[in-house]
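These are the residues of each chain, in order.
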Amino acid sequence: MASKPDETRDGVDLTNLDQPLFEGADATKRDLVDYLDAVREWVLPGLAGRPLSVVRIRPGQPAFMQKNVPKYTPEWVRTTSVWAEASRREVRYALCDDRRTLLWFANQRAVEYHPTLLLDGRITHLVLDLDPPEGEEAFGKAVQGAFLVRQALADAGLAGAVKTSGAKGVHVIVPIDESVPIDDAAAATRAIAARAAALDPEVATTAYLKEDRHGKVFVDSTRAGGATVVAAYSPRVRPGTTVSFPVGWDDLDRVTPQDFTVKTAVDQLGGVDRWAAQLPAPQSLPADLLEQGRAIPIARVVAMHEGKRRKREAAKKEET
């Protein structure tokens, strides 16, 4: 017999609300549910209509990424099937379009929400992911990289909004015109990353392989096409259950990721959708940016071939 729910909201039975969310979360499942319900009007616009991957965490188990919806998913949860080239199969993703679906995910201990960049088959924004090296000053270095991206965008006549990733990095989001083809968006992202790194090569790099970064911030240009990025306002499976939080450019070097958690973020928002307020209108992409980006190889592909080359070289050395 199923246990009696602790509470029911919008027809969704919520259970085990007072259990710790995960080790080090400093939050319960109730805190997660209450937070997501409080920000639903602001988080849902970034999720609606987009194939959604979530990071769930069951009690006593490691966190895991869920793409395919489970068989017990309620029939009222909207889904869409997407062909996954890597695994050569159809993946049935959820579409989190409403409060009821968001609450159902929260009750499933879905902590993180990673929507695709695609909406109805078109790409809506560029993502520059600033991934800092390990260390105490990690976030500060990510902020330095974000300012370089901001300058590179300004030099191209573009603008972006910035948010903490909720982990150690920073995301710069650049809304683009709906007519931009996916390949052009990917090319523009590569060009912006290259221009940002060129502004200060001592701070930033586009080197995909970690051993080639030498303590610099990685300006990741690989979030394109069917890629995902954690949504604004999404919690993270991180100590304190931090949140990916919108930050004004003028405040970026005054905050830390730990400032924004499922327990503190709602009060800090003060009833305002800061992400919607900060996002610029969709922009067209300059021809010279696209031309430069098309000439830059895809970082992941280059890294794959370079990794194989290095393995062969290492094997040869061992033989000799």
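This one's a predicted model, so the numbers in the text were calculated from it and none came from an experiment.

**Focus: the domain arrangement of the protein**
Segmenting the protein into domains produces domain 1 (7-120 + 236-278) and domain 2 (122-226 + 280-302). Measuring from the centre of the C-alpha atoms in domain 1 to the corresponding centre in domain 2 gives 24 Å. With 24 residues of domain 1 in contact, the opposing surface of domain 2 contributes 26 residues. Of the roughly 2200 Å² buried at the junction of domain 1 and domain 2 (both faces included), carbon and sulfur atoms supply 63%. For the pair domain 1 and domain 2, the number of links is zero salt bridges. Where domain 1 packs against domain 2, one counts twelve residue pairs in polar contact (both at pLDDT 80 or more). Put simply, the parts of the chain that give the side of domain 1 that touches domain 2 at least two residues each are strand 8 (118-119) and helix 7 (274-278). Residues of the side of domain 1 that touches domain 2, tallied by class, amount to 13 nonpolar, six polar and five charged.

**Points about the UniProt feature "domain: DNA ligase D polymerase" (unreviewed entry) in the protein**
The feature "domain: DNA ligase D polymerase" (unreviewed entry), as annotated in UniProt, sits at residues 28-269 in this numbering. The span residues 28-269 is 28% helix and 22% strand, and its two end C-alpha atoms sit 21 Å from each other.

**So, the nonpolar core**
In terms of nonpolar packing, the biggest core is built from 87 residues, with Tyr113 and Val172 touching the most fellow members. Per element, the largest residue contribution to this core is eight residues, and it comes from helix 4 (residues 138-155). Formed jointly, this core draws a minimum of three residues from each of two domains, domain 1 (7-120 + 236-278) and domain 2 (122-226 + 280-302).

**Some details on the packing of helix 5 (residues 182-199) against helix 8 (residues 287-294)**
The geometry of a pair of packed helices is captured by two quantities: the angle between their axes and the separation between those axes. Two elements in contact, helix 5 and helix 8, have axes separated by 7 Å at closest approach and are oriented at 90 degrees. It follows from the interaxial angle that helix 5 and helix 8 lie roughly perpendicular. Facing Asp184, Ala187, Ala188, Arg190, Ala191, Ile192, Ala194 and Arg195 of helix 5, the residues of helix 8 in contact are Asp288, Leu289, Leu290, Gln292, Gly293 and Arg294. Considered class by class, the residues forming the contact of helix 5 with helix 8 number seven nonpolar, two polar and five charged.

**Things to note about the sheet that holds strand 10 (residues 125-131)**
The strand order across the open sheet built from five strands is 11-12-10-14-13, with neighbouring strands paired in mixed fashion. With one partner strand each, in any of the chains shown, strand 11 (161-164) and strand 13 (204-205) form the two edges of the open sheet. Of the pairings in the sheet, the one linking strand 13 to strand 14 (residues 217-220) comprises two bridges and is parallel in character. From the neighbouring strand, Ala204 faces strand 14, where its bridge partner is Val217. Each of strand 10, strand 11, strand 12 (170-175), strand 13 and strand 14 is contacted by helix 4, which is oriented at about 20 degrees to strand 12, the strand it contacts most. Running at roughly 35 degrees to strand 10, helix 5 makes contact with strand 10, strand 13 and strand 14 of the sheet.

**Brief notes about helix 1 (residues 29-38)**
Within the sequence span of helix 1, burial applies to Lys29, Leu32, Val33, Tyr35, Leu36 and Asp37. The inward-facing, buried residues of helix 1 contact strand 1 (7-9), strand 2 (12-14), helix 2 (40-47), helix 3 (99-107), strand 7 (110-115) and helix 6 (265-269).

**Observations concerning the pattern of salt bridges**
Under the counting rule described, the total for this entry stands at 19 salt bridges. The closest approach of N and O atoms between Glu7 and Arg30, which form a salt bridge, is 3.5 Å. On the criterion of sequence distance, the pair formed by Glu7 in strand 1 and Arg30 in helix 1 is long-range, its members being 23 residues apart. For Glu7, a relative accessible area of 25% corresponds to the partly exposed category. Here Asp131 and Lys168 are joined by a salt bridge, their closest N and O atoms 3.9 Å apart.

**Topic: the packing of aromatic side chains**
For the coordinates displayed, the defined rule picks out six aromatic pairs. Look at Trp104 and Phe105: their rings are 5.1 Å apart centre to centre, the planes differ by 65 degrees, and that puts the pair in the edge-to-face class. No difference in accessibility class separates Trp104 from Phe105, as the two residues are buried. Taken together, a centroid distance of 6.0 Å and an interplanar angle of 40 degrees make the contact between Phe147 and Trp249 tilted. Here the residue Phe147 occupies a position in helix 4, and Trp249 occupies one in the loop between strand 14 and helix 6, the gap between them amounting to 102 residues. For Phe147, a relative accessible area of 28% translates into the label partly exposed.

**A word on the pairing of strand 14**
Here strand 14 shows no split at all, with Val217 and Val219 on one side and Phe218 and Asp220 on the other all buried. Relative to strand 14, strand 10 runs antiparallel, the two being bridged by three bridges. Bridge assignment links Asp131 to a residue of strand 14, and that residue is Phe218.

**Details of unusual backbone geometry**
Even without glycine at this site, Tyr233 takes up a positive phi of about 80 degrees. With respect to the helices, strands and loops of the structure, Tyr233 is situated in the loop between strand 14 and helix 6. Positive phi, close to 50 degrees, is recorded for Thr241, a residue that is not glycine. The exposure class of Thr241 is buried, given its relative accessible area of 0%.

Calculation notes
Residues numbered from 1 in each chain as written. Predicted model: local features only at pLDDT ≥ 70, side-chain atom pairs only at ≥ 80, totals over all residues. Heavy atoms only, no water. Domains from an automatic or database assignment. Contact = heavy atoms within 4.5 Å. Buried area = accessible area lost by both parts, 1.4 Å probe. Salt bridge = Lys/Arg side-chain N within 4 Å of Asp/Glu carboxyl O. Polar contact = N/O pair within 3.5 Å; in protein donor to acceptor, adjacent residues only side chain to side chain. Helix = DSSP H or I, 4+ residues; strand = E, 2+ residues; numbered from the N terminus. Nonpolar A, V, L, I, M, F, W, Y, C, P; charged D, E, K, R; others polar. UniProt positions renumbered as here; feature names shortened; annotations may be inferred. Core = buried A, V, L, I, M, F, W, Y, C linked by side-chain atoms within 4.5 Å. Buried < 20%, exposed > 50% of the residue type's maximum accessible area, 1.4 Å probe, protein only. Axes fitted to C-alpha atoms, helices over the stretch in contact; angles between N-to-C directions. Parallel < 35°, antiparallel > 145°, perpendicular 65-115°, else oblique. Pairing = 2+ DSSP bridges. Phe/Tyr/Trp six-rings, centres within 6.5 Å; stacked < 30°, edge-to-face > 60°.

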